[in-house]
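# Architecture at a glance
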Amino acid sequence: MSTTGTTATVPRPRPGFTPASAFRIAGPTTGAAGALILLSIYNAFFTTNFLTLATLRVNLTQVSTIVLVAVGMTFVIATGGIDLSVGSLMAISGAIAPLIFLSHQWPLGSDWIAVPVAIVVAILVTGLFGLFNGVLVTRFEIQPIVATLVLFLGGRGIAKALLHGELRHFKEPHFDYIGTGRPFGIPVQVLLMLIVVAVAAWAMRSTSFGRYVLATGGNENAARLAGVPVNRIRLVVYAISGLLAGLAGLIVISLNSSTDPNLVGINMELNAIAAAAVGGTVLTGGRATVVGTLVGAVLVHQLRYTLISHGVADGTTRMVTAAAILGAVLLQQARRGGD
Amino acid sequence: MSDAEPQQASLLTMENIVKAFPGSVALDNASLSVARGEIHAIVGQNGAGKSTMMKIVNGAYRRNSGTLLFDGRPADFVSPLQAQAAGVSTIYQEINLVPYRSVAENILMGREPRRFGLINWPAMNRRAGEILGRLNIHIDVRQPLMNYNVALQQMVAIARAVSVDAKLVIMDEPTSSLDEREVSTLFDVIRSLKASGVSVIYISHRLDELPQIADRITVMRDGRTVAVRDAKDLTKLELIALMLGKDLGDVRSTGATGFARSTRQEDGEALLTARHMQRGRVLKDASVTVRPGEIVGLAGLLGSGRTELARVIFGADAPDSGELTYGGRTSAFANPADAIAAGIGLCSEDRKAEGIIPYLSVRENLTLAALPVLTRHGVVDTARQREIVDRFIDRLGIKTSNPDQPIRELSGGNQQKVLLARWLCLNPKLLILDEPTRGIDVGAKAEIQALIDELADAGLGVLMISSELEEIAEGSDHVTVLSDGRTVAEFDRGQISQPAIIQAMAHIETIATPDPAEVA
């Protein structure tokens, strides 16, 4: 056998990977994934134009901002925290970027300088606000829900102050590329979403950072005694959540070619939490799946899309969506109770 | 008082009880009979079926088949509430009380005496006082529960249980967090329960205490009832033999602990010297020295500062003052990560709260502390991780269906082995073990003790904290005794004996208590 000789080692059996363990790994998401597949099959038959590239594109475009924010939220929840400030942070980045690229002051006269600077600064600022959340949680030991409530309330205030409380339209083709560009026919924000999901899923699974995140949320005291830099990890996850919220805010305003401090990112924190929960991330921390969050966000979104495209009234759509979220979470709980 | 109990005297009779879970049979024709006013102990290794049996009695589980007679009538409790109404009270290991509320409120919660629709505080405090008085406990019932120690909190839980007219009180490991003084208070309470006609089912891993308290002992193994004996007729060795299902000769030949009692050569240079360590009100003047290749037993009652000393050495808490020398360095560690990097590991006394990450796999738990070494540019080298995990599962005989199994599904003994492996895979110089065999079944216990022995033989310095005198006395090369936050005695190999250690723990000044500074 070894004479074929690419490597000298005998291929080791991997007892770690069996169908049972695969189920266990996929476990928390199987319910949501199954529901998504069923819903897609239903749509393929009964919803006109579902199986077209245009529909897929529209759906993915619409879901991308939720996914971006929800990925950050997944990391925060995995450490046992929660981030209520993401919607307000979206409004802040949505306010900062236009202020920069509309200023036309030196050295921002050229789009080629102004747009990248606007994007980087807006995202960095929300990242710093995320870090601020992290400092409240770690250094001042404030409960995450209260700590992030500060920016949930105050952040939107900052956005309003920056824009004097007004909706502002802008025409900036280079910036709009984030919302409307389609390299290889794929919308830019969908590409960003896929890249972020792939990197985040890999980080959760294969890096020491990911292990530390789960250990921190799973048992903080034990993690600390095992040498895990618990506080640093928590700082980082809130910063990541802030960065991704900032990016999502930019996508929203570029899609609309306008920014409204009253509306950008509204209710986003709750949609992101719902996506994570439906996907199989447990809100008490320690168990999280990034791919599940993607599935959860797409499932919730597609359910709404299905109902709306069949002419179901908005009120009913909301109730059905809520019921589906409840069902998904109950299903996970039943599974957990079983073992 | 033997197996042939008259039927009417029996409060609880369980026969041919079967309980299956998906993939396993927890109870396989188990039986149990508890007489009125009897203190009945149930012993068995982890997984023998004790807890499942109790959960069937208190309505948490329903049996698949078998008969259950309670108070002379067939019973089938479908919920804990129903069992409670019938007179079955359970006191769990984790106390289910509200720490911020007063003792009286905790005892009478949900049944507060009222006047004009408001709580009648004087009446409530009086009634709570009476209930505690019946158990010979005299404390201020108006104080918040958290102002009292764990033992008293447990008494309050018992008071609450019996005040709801319990006929049967189930206690699952009530003494696991108590020191000897507190245990004897608890026993007084249990005896006064018995005197008032209440039956008690008593589950414990501490076999030594059973003859003091139990009337009869039921031994369970692999979901079956293997023996029912009068407690006074059973020696500890016989009991262990029954639990393990081994011949008496086997047990005796291996001794009661897994320590080989080999004589190791002490090689002079101290690995760790902690002197005059002080922190808060618990740690006042504690000193200890550990040399490579020796097991230093750290003895003392609960609250004597044992765990606090371990945490200060490990960098988990900062000392207020004191000198710590380790290797070449002379300063305390800023945090556990520093201590780990310097070759120290610590297994906490509380596996659940400070050891395992329950939902992470055996693999991730085992390599958690080793991740800095196993990572390159932040990415875990999974091939090396796998190799290390496989090696330690094999070496320590960790029983797991596969390394991806969540650690919480393992038995206590196997969890402890994973936590030991967490440090051993780092090749440490000093291992601090706080109650390394607490709550672990007899078989795994001996294995872990033998492992500790083997590690010390290989040159590892071990600081072992234990409440079990036997473990300290048989395992240690050197014993340091703490009392009230101070080092009060040190013993070398030849001087170690259980009575001497007990005397030192109680801080009786009849034995030599050398100045720790001189010994170090």
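Residues numbered from 1 in each chain as written. Chains lettered and ligands numbered in written order. Predicted model: local features only at pLDDT ≥ 70, side-chain atom pairs only at ≥ 80, totals over all residues.

This part takes up the overall build of chain B. Of the regular secondary structure elements, chain B holds 20 helices and 23 strands. Burial status across chain B gives 48% buried among its 520 residues. Contacts in chain B between residues at least 24 apart in sequence constitute 68% of all its contacts with a sequence separation of at least 6. (Helix = DSSP H or I, 4+ residues; strand = E, 2+ residues; numbered from the N terminus. Buried ≥ 20, exposed ≤ 12 C-beta atoms within 10 Å, placed from the backbone. Contact = placed C-beta atoms within 7 Å.)

Let us look at the environment of Phe116(B). Residue and element names in this part refer to chain B. You can see phenylalanine 116 is positioned in the loop between strand S7 (114–115) and strand S8 (118–119). Judged by the 5 C-beta atoms lying within 10 Å of it, phenylalanine 116 is exposed. Each C-alpha atom of the pair phenylalanine 116 and proline 336 lies 56 Å from the other, and the pair is 220 residues apart in sequence.

Turning to helix H17 (residues 442–457) of chain B, a few remarks are in order. Note: α-helices contain 3.6 residues per turn, so residues at a spacing of three or four share the same orientation. A rise of 1.5 Å per residue sets the reference length of H17(B), with its 16 residues, at 22 Å; its end C-alpha atoms lie 23 Å apart and thus fit the reference within 8%. With its phi angle positive at about 105°, Gly459(B) sits one or two positions after the end of H17(B). (Expected span 1.5 Å × (residues − 1).)

Here we take up the interface of chain B and chain A. Contacts between chain B and chain A engage 27 residues on the former and 25 residues on the latter. Counting only elements with at least two residues in the side of chain B that touches chain A, the list comes to helix H11 (336–341), helix H12 (351–354) and strand S19 (379–380) of chain B. Counting residues per element, the side of chain B that touches chain A draws most heavily on H11(B), which supplies three residues. Tallied by class, residues from the side of chain B that touches chain A come to 17 nonpolar, five polar and five charged. (Nonpolar A, V, L, I, M, F, W, Y, C, P; charged D, E, K, R; others polar.)

Moving on: the packing of helix H4 (residues 111–138) of chain A against helix H5 (residues 144–162) of chain A. Residues and elements named next belong to chain A. The N-to-C vectors of H4 and H5 enclose an angle of 145°; their axes lie 8 Å apart at closest approach. By crossing handedness, the relation of H4 to H5 is classed as right-handed. Seen from H4, the contacting residues are Phe129, Asn133, Leu136 and Val137; seen from H5, they are Pro144, Ala147, Thr148, Val150, Leu151 and Gly155. Taken together, the residues that form the contact of H4 with H5 break down as seven nonpolar, three polar and no charged. (Axes fitted to C-alpha atoms, helices over the stretch in contact; angles between N-to-C directions. Left-handed = near helix turned anticlockwise from the far one by under 90°.)

On to helix H3 (residues 86–101) of chain A, then. Between its first and last C-alpha, H3(A) extends 23 Å over 16 residues, near the 22 Å set by a 1.5 Å rise per residue. Among the 16 residues that make up H3(A), 14 are buried, leaving the element largely enclosed by the rest of the structure.

Turning our attention to the domain arrangement of chain B. It is common to report an interface's size as the accessible area lost on association of the parts. The domain architecture assigned to chain B consists of domain 1 (1–87 + 166–174 + 198–251), domain 2 (93–164), domain 3 (260–343 + 430–520) and domain 4 (353–427). Domain 1 of chain B and domain 4 of chain B are separated by 35 Å when their C-alpha centres are compared. (Domains from an automatic or database assignment.)

Even without glycine at this site, Glu141(A) takes up a positive phi of about 50°. Take Glu141(A): it is sitting in the loop between H4 and H5. By C-beta crowding, Glu141(A) is classed as exposed, having 9 other C-beta atoms within 10 Å. Of note, the phi angle at His377(B) is positive, near 50°, even though the residue is not glycine. Structurally, the position occupied by His377(B) is in the loop between strand S18 (375–376) and S19.

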